[in-house]
Amino acid sequence: MIGKILAPILILILFSSHVGSPGVIFEGLLGPYRVLANINPPDVVPGTAVVTVIIPETPEGISLEARPVYWSAGLKGTPKADPLYPVKGEIGKYEGELWFMEPGTSSVQLMMTVGGETFEAIIPVMAVPTAQKEMPVELGIILVLLGVLLVVLMVTIVASAMSDSIREPGMERTVKSQKRKQIGIVVGTLVMLLILWGGKSWWDAESNQYRNYMFEPLNGTATFESSPEGNFLHLEVDPLKSTQGRVTRRISFIVPDHGKLMHLFLIRKGDLDVFAHLHPERLDTLNFKVKLPPLPSGDYHVFADITRYTGFAETIVADLTIPETNNFKLASNDPVILGRDDTYTFSNPVSNKLITLDGDIMICGKPGIKTDLPGGYSAVWETETGKFEAGKLYSLDFALFDPEGEPASLEPYLGMMGHAVVLKHDGTVYIHLHPTGNYSMGSQQMLVDRFKSGKIGFSDIPQSLSFQDSIDRVVAFLDALPDAERDSLLMGNMVHYNKTDPGHEEHSMVSFPYAFPDKGNYRIWIQVKIDGKIVNGAFDVEVE
């Protein structure tokens, strides 16, 4: 039974969720070539997405095309692909625009033709409307003036049709014809007012309908609970109120991502000096609970990443306040037994105020400078210039070293060679990154299988209660496996993990493709596993 469930579920190993960072980044193979794709979906649907593809090997004689393919519509319901054109002055870079006509779980099918062969890749994209555009004032004034002119012309036409147009040539205007003209003006005006009223009602109805289908992020309520067994975080997910995606976003359809139903990140607000990566247990459909490490008091950001059977991934946002009487003890003085995949770390505040925490405090690194990490390890954020611009795609490369200063041998952590969390200091941007980008390999595989099956619509959605029970059994099965066996299952056919690759023989580096969405100051936490231990690092960067 578990084996049947595992088949479609274990492929859901890579999902990324985000706040304030809507772009989807893909790094992988397209036929024989490694490609890096950046897809910026539209904030209004229908709307156009910008697709940028970089092929570092710059092959000649290729053609690139892309098209949106929806989970619910399949390949048969997909229009013809649009070409991607070379970007002038940037060798190996291609760009194009795609129309997304409907909201929902979708993908971009990227197709490359070279030497008579065509290679394809499916990149999951959550197509959701997140904005309602305002009409520019200048355009509104022009349209109002044109509308007034049309109304005057229509009233004039109606009045003339009832009076002057039926008067014989050369005949004087009579009192009766004058009266008919006045009646025509009144009738024409009333008709135009009715038309305007009907048009406004239609416009308002369309606007309200669009607003109802706009994406509303899931929120939750996080509470601190203390008991003799320790301190716990209880997260209750608020029921989805939006009418958009009621099927695709059902919370009962969440599935494991990296073997966990939920990846929850706690970051202390303001100073960003406390970071924890935890994996809550599901109590029921809407309630989750996890044991807290000994964190200091304060207000915390809560970001909880989930994904679903339909491939729809998102982040639940909440706030947590840890009171001063929470029996906080320093990590170095009071080791706490958490889940084997849970971790936390302390670092210096982003502000210049004095450090109030003691113990194993990490001083955040900067690009290009070797930085000490907890446990005697160290890391270097390798970069050519140390400068980063908003909207530009980068590979964030980190070299890890063991306590002897030698290149470290990285091991899988939850099925990946590394995890990273990026947070803008003001909390407006949050994203969970992986070495292959921030797209969902699980969603990718689900979409590929869905397209091959030819299924469309939502008629084959499983029963929520039985599905939830089955998923809980899968998670329990994975939790019971030794690390190596579990990682082997979670990593699947991931192309970036290959110990025989002579270019990555030491496996001492981890890279995260990413484009910072805005200017400003960011803190980045990286997480790797060395010698069976989870090693955390933190870095600060200013994006121009």
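As the structure is a computational prediction, the values presented were derived from the model and not from experiment.

Some points on the overall build of the protein
A count of helices and strands for the protein gives six helices and 28 strands. Buried residues in the protein amount to 49% of all 544 residues. Long-range pairs, those at least 24 residues apart, make up 69% of the contacts in the protein with a sequence separation of at least 6. A total accessible area of about 26,100 Å² is found for the protein, and carbon and sulfur atoms account for 57% of it.

A word on the pattern of salt bridges
Taken as a whole and assessed by the stated rule, the structure comprises 17 salt bridges. Between Asp 164 and Lys 181 there is a salt bridge whose closest N-O contact spans 3.6 Å. Placement of Asp 164 in the loop between helix H2 (137-162) and helix H3 (175-212) and of Lys 181 in helix H3 is noted, with a sequence separation of 17 residues between them. For Lys 529, the salt bridge goes to Asp 483, with nearest N and O atoms at 3.5 Å. One end of the pair, Lys 529, is in strand S27 (residues 520-530); the other, Asp 483, is in helix H6 (residues 483-491), with 46 residues separating them in the sequence. Exposure remark for Lys 529: the relative accessible area of 5% places this residue in the buried category. The network of salt bridges with shared partners includes Lys 260, Arg 340, Asp 341, Asp 479, Asp 483, Arg 486 and Lys 529.

Re the side chain of Asp 273
Structurally, Asp 273 is set in the loop between strand S12 (263-268) and strand S13 (274-278). Only 2.7 Å separates the side chain of Asp 273 from the side chain of Arg 268, close enough to count as a polar contact.

Looking at unusual backbone geometry
The omega angle of the peptide bond from Val 45 to Pro 46 is 5°, so this bond is cis rather than trans. When you line up the elements, Pro 46 lands in the loop between strand S3 (33-40) and strand S4 (47-54). Of note in this structure, Leu 272 is not a glycine but carries a positive phi near 55°. For Leu 272, a relative accessible area of 0% corresponds to the buried category. The phi dihedral of Asp 531 falls on the positive side, at around 55°, and the residue is not glycine.

Regarding the nonpolar core
With 46 residues, the main nonpolar core has Leu 396, Phe 398, Leu 400, Tyr 514 and Phe 516 as its most contacted residues. Beyond its immediate chain neighbours, meaning those up to four positions away, Tyr 514 contacts Ser 21, Ile 25, Lys 392, Leu 393, Tyr 394, Leu 396, Val 422, Val 429, Ile 431 and Leu 433. Counting 45 residues, the second largest nonpolar core, distinct from the first, contains Val 69, Leu 261, Leu 295 and Val 475.

Thoughts on H6
The set of residues buried in H6 consists of Arg 486, Asp 487, Leu 490 and Met 491. Considered in projection along H6, the buried side chains sweep an arc of 125° and stay on one side of the axis. Along H6, exposed side chains directed more than 90 degrees from the buried face belong to Ala 484 and Ser 488. In the core, the buried residues of H6 are packed alongside helix H5 (464-479).

Description of a nonpolar patch on the surface
The grouping of Met 135, Leu 139, Ile 142, Leu 143, Leu 146, Leu 149, Leu 150, Leu 153, Met 154 and Ile 157 at the surface amounts to a nonpolar patch, some 930 Å² of accessible area in total. We classify Leu 149 as partly exposed; its relative accessible area is 47%.

Thoughts on the confidence of the model for the protein
The predicted model of the protein has a mean per-residue pLDDT of 85, with 89% of residues at 70 or higher. Between residues 496-500, whose pLDDT stays under 50, and residues either more than four places distant or in other chains, the model counts nine contacts.

Things to note about the sheet that holds strand S21 (residues 378-382)
With respect to topology, four strands assemble into an open sheet ordered S20-S21-S22-S26, the strand pairing being antiparallel. The outermost strands of the open sheet, each flanked by one partner alone, are strand S20 (370-372) and strand S26 (509-515). Neighbour to neighbour, the strand axes of the sheet diverge by 25° on average, direction disregarded. Across three bridges, S20 lies against S21 in antiparallel orientation. By the bridge assignment, Lys 370 is partnered in S21 with Val 380.

Examining the environment of Tyr 394
Counting through the fold element by element, Tyr 394 comes out in strand S22 (residues 393-401). With a relative accessible area of 14%, Tyr 394 lands in the buried category. As for Tyr 394 and Ala 515, which are separated by 121 residues in sequence, their C-alpha atoms are 6.0 Å apart. Discounting residues that sit within four places of it in the chain, Tyr 394 has contacts with Lys 387, Phe 388, Glu 389, Phe 512, Pro 513 and Tyr 514. For Tyr 394, the side chain forms a polar contact with the main-chain nitrogen of Glu 389, separated by 2.8 Å.

Here is what the cut-offs are and how they apply
- Residues numbered from 1 in each chain as written.
- Predicted model: local features only at pLDDT ≥ 70, side-chain atom pairs only at ≥ 80, totals over all residues.
- Heavy atoms only, no water.
- Helix = DSSP H or I, 4+ residues; strand = E, 2+ residues; numbered from the N terminus.
- Buried < 20%, exposed > 50% of the residue type's maximum accessible area, 1.4 Å probe, protein only.
- Contact = heavy atoms within 4.5 Å.
- Areas by Shrake-Rupley, 256 points an atom, 1.4 Å probe, with all protein chains shown as cover.
- Salt bridge = Lys/Arg side-chain N within 4 Å of Asp/Glu carboxyl O.
- Polar contact = N/O pair within 3.5 Å; in protein donor to acceptor, adjacent residues only side chain to side chain.
- Core = buried A, V, L, I, M, F, W, Y, C linked by side-chain atoms within 4.5 Å.
- Arc of directions from axis to C-beta.
- Patch = residues over 30% accessible without salt bridge, like charges linked within 9 Å, V, L, I, M, F, W, Y side chains within 5 Å.
- pLDDT = per-residue confidence, 0-100.
- Pairing = 2+ DSSP bridges.
- Axes fitted to C-alpha atoms, helices over the stretch in contact; angles between N-to-C directions.

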